[in-house]
Amino acid sequence: MTGTLNRRRLLQVGGAGFAVAAVGAGGAAVAHSVADEQGTDSALHGPVPFHGEHQAGITTPAQDRLHFAAFDVTTSSRDDLIALLKEWTAAAAQMTQGKEAGQTGATGGSTEAPPDDTGEALELPPSQLTITIGFGPSLFTTADGKDRFGIAAKRPAALADLPHFPADDLDPARSGGDIGIQACANDPQVAVHAIRNLARIAFGRAEIRWSQLGFGRTSSTSVAQSTPRNLLGFKDGTRNLKLEDTALLDSQLWAHSADGAGWMAGGSYLVARRIRMSIEIWDRTSLGEQETIFGRAKKTGAPLTGEKERDEPDFSIAGADGQPLIAEDSHVRLAHPDHNAGAHLLRRGYNFVDGSDGLGRLDAGLFFLAYQRDPRSQFVPVQRNLAKHDRLNEYIKHVSSALFACPPGVQPGQYWGHTLFG
Ligand code: HEM
């Protein structure tokens, strides 16, 4: 039993406080964009179970907001690292259920000491917060092959460094990381609070290397969700892997012990790419060209060979000019499993606008997140295909890259990474 405080209970004690607090926190705006598919306000702001076979935040219906952080581990002690993972797990279990971090929370401790929780999520409901952790290649081995924490032999073959792709323009300061943590919620303050408290707990053992905020999920991960739009104005996530695709999730999303790294069974590999968009150039591009680039209609999201969003694309149909209706260099043709040896991805990305670049352009794009069983046969071949041929490349640039092995879920009493360090 912990002595932690429950943010929601505090709200309920306040009578009408729940609704007021939710609106005051920007809840009304969030509800407007996602309530249609996720049901009532209370479901939108309620908790997602933390414990389970798989980590939450992968097949969980995508929430509206993201705060992602990559950490560098600064301690060289294996015991310190394990202690940190245990403290993080406990804090994540509490925060995802709407509780304050630590034993005494934001205001229940000694006035002589910094509080256990930073306090900005007080009065806010859980907002479907999920916190998902992954381990980067550099946690296992340094660039010169040194075994940092006695886990080098357990580095999965699937966690091979990603190759360089044509036109990559990666910023090393915004790439990589020993540990990646994805916090998703329907309230941005709840997601930020989660990352901030994990960073605070990590003091002296790990520090943030880079981080990314995101809004307006660019995927749907359940058939119950409507398809959102990315900053190019197109529906994104139509043919995504979804939690209802149970057979495909088993073969394409979750790692198996037979894959080689037993500790990863039930886990998944995450590729993160910050993709900058030249939206000002895009905005001067004709609607016809925009639709040709994707191979889909902007209004409905339907493939150019169909009428409705969910119609299957037919790559064999040609127009009057003899050219395929879905162009050879269109994004959906090149990314389709039929053209990538059956590879699927569970995409879970977010839009970002990080101010402007001083040259009159928004620093905007897609923070691409994709989960899969093995990046070597999924993300890598798909991205090779796209990087070489995609007509969209004229408008986008990959500016950061990271890869993480996200372990299976935990049960009460277990900690993130217990199968790796145990
Ligand atoms: C800024 C960059 C990108 C944008 C704006 C974008 C946008 C889209 C859109 C609008 C669709 C069609 C709707 C759908 O099925 O979801 C789509 C499909 C897809 N995209 Fe992207 N995408 C981007 C980057 C990527 C990258 C880097 C990958 C993987 C390497 C990728 C993989 C896919 C896949 C697998 C599909 C589904 C193809 C199918 O099965 O029909 N996308 N994307």
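Residues numbered from 1 in each chain as written. Predicted model: local features only at pLDDT ≥ 70, side-chain atom pairs only at ≥ 80, totals over all residues. Heavy atoms only, no water.

When helices and strands are tallied, the protein chain shows 13 helices and 9 strands. Relative to the compact-globule value of 22 Å for 422 residues, the protein chain shows a C-alpha radius of gyration of 22 Å, a close match. Counting all 422 residues of the protein chain, 53% fall into the buried class. Long-range contacts, defined as pairs at least 24 residues apart, comprise 75% of the intrachain contacts of the protein chain with a sequence gap of at least 6. Each charge class in the protein chain was averaged separately, 40 positive and 48 negative side chains, and the resulting centres sit 1 Å apart. (Helix = DSSP H or I, 4+ residues; strand = E, 2+ residues; numbered from the N terminus. Rg over C-alpha atoms; globule rule 2.2 N^0.38 Å. Buried < 20%, exposed > 50% of the residue type's maximum accessible area, 1.4 Å probe, protein only. Contact = heavy atoms within 4.5 Å. Lys, Arg positive; Asp, Glu negative; His and termini not counted. Charge placed at Lys NZ, Arg CZ, Asp CG, Glu CD.)

Here the focus is the pairing of strand β1 (residues 65-73). Judged by how many residues are buried, β1 sits mostly within the fold: 7 of 9 residues are covered. Sheet topology note: the β1/strand β3 (residues 179-185) ladder contains 7 bridges and is antiparallel. When the bridges of β3 are listed, Phe 71 appears paired with Ile 179. With 9 bridges joining them, β1 and strand β4 (residues 206-215) adopt antiparallel strand pairing. Paired with Leu 66 across the two strands is Gly 214, which belongs to β4. (Pairing = 2+ DSSP bridges.)

Within strand β8 (residues 362-372), 10 of the 11 residues are buried, which leaves the element mostly enclosed by the surrounding structure. Here strand β5 (residues 268-277) runs beside β8; their pairing, made up of 8 bridges, is antiparallel. For Arg 274, the partnering residue across the bridge sits in β8 and is Phe 367. Two elements, strand β6 (residues 346-347) and β8, share 2 bridges in a ladder whose sense is antiparallel.

Residues in contact with the ligand amount to 28 residues; listed here are only the nearest, Gly 237, Thr 238, Arg 239, His 331 and Arg 347. In this structure, His 331 approaches the ligand through a side-chain N or O atom, which is 2.9 Å from a nitrogen atom. Put simply, the parts of the chain that give the shell around the ligand at least two residues each are β5, α11 (331-335), β8, α12 (379-389) and β9 (396-406). With 4 residues, α12 is the largest single contributor of residues to the shell around the ligand. In terms of residue class, the shell around the ligand is made up of 16 nonpolar, 7 polar and 5 charged. Residue contributions to the shell around the ligand reach at least three from each of two domains, namely domain 1 (32-146 + 173-267) and domain 2 (279-401). (Near = heavy atom within 4 Å. Polar contact = N/O pair within 3.5 Å; in protein donor to acceptor, adjacent residues only side chain to side chain. Nonpolar A, V, L, I, M, F, W, Y, C, P; charged D, E, K, R; others polar. Domains from an automatic or database assignment.)

Glancing now at the state of the cysteines. On inspection of all chains with the given rule, the structure shows 0 disulfides. Cys 184 forms no disulfide, and the closest cysteine sulfur to it belongs to Cys 406, at a distance of 11 Å. On the basis of relative accessible area, Cys 184 is assigned to the buried category, the value being 0%. (Disulfide = S-S within 2.5 Å.)

Assigned domains of the protein chain: these are domain 1 (32-146 + 173-267) and domain 2 (279-401). The distance between the C-alpha centroids of domain 1 and domain 2 comes to 26 Å. Tallying the contact residues gives 53 residues for domain 1 and 43 residues for domain 2. The junction of domain 1 with domain 2 conceals about 3900 Å² of combined surface from both sides, 52% of it contributed by carbon and sulfur atoms. When the buried area of domain 1 at its contact with domain 2 is split by residue, Leu 232, Phe 234 and Arg 239 rank highest and sum to 21% of it. Viewed at the interface, domain 2 and domain 1 are joined by 4 salt bridges. Arg 373 is the salt-bridge partner of Asp 259, the closest N and O atoms lying 2.8 Å from each other. In this assembly, domain 1 and domain 2 are joined by 34 residue pairs in polar contact (both at pLDDT 80 or more). Of all elements in the fold, only β1, β3, β4 and α8 (246-253) reach the threshold of two or more residues within the side of domain 1 that touches domain 2. (Buried area = accessible area lost by both parts, 1.4 Å probe. Salt bridge = Lys/Arg side-chain N within 4 Å of Asp/Glu carboxyl O.)

Turning our eyes to something else, we now look at the coordination of the iron atom of the ligand. Of the protein atoms, His 331 (NE2) alone serves as a donor to the iron atom of the ligand, at 2.1 Å. Mapped onto the fold, His 331 is located in helix α11. (Donors = N, O, S within 2.8 Å, 3.2 Å for Na, K, Ca; no water.)

Note on placement: Glu 309 falls in the loop between α10 (287-294) and α11. When sequence neighbours within four positions are dropped, the list of residues in contact with Glu 309 reads Thr 227, Lys 235, Thr 238, Arg 296, Thr 300, Gly 301, Ala 302 and Pro 303.

Looking at the element boundaries, Asp 64 is found in the loop between α4 (41-45) and β1. The class of Asp 64 is buried, set by a relative accessible area of 8%. Separated by 3.4 Å, the side chains of Asp 64 and Arg 65 make a polar contact.

With that settled, the discussion passes to the pattern of salt bridges. Taken as a whole and judged by the stated rule, the model has 21 salt bridges. Across the pair Asp 72 and Arg 209 runs a salt bridge whose closest N-O atoms are separated by 3.1 Å. Linking Asp 72 in strand β1 with Arg 209 in strand β4, this pair joins segments that are 137 residues apart in sequence. With a relative accessible area of 22%, Asp 72 lands in the partly exposed category. By relative accessible area, Arg 209 is classed as partly exposed at 35%. The closest approach of N and O atoms between Asp 363 and Arg 276, which form a salt bridge, is 3.4 Å. Of this pair, Asp 363 sits in strand β8 while Arg 276 sits in strand β5; the two residues are 87 residues apart in sequence, bridging distant segments of the chain. Judged by its relative accessible area of 12%, Asp 363 is buried.

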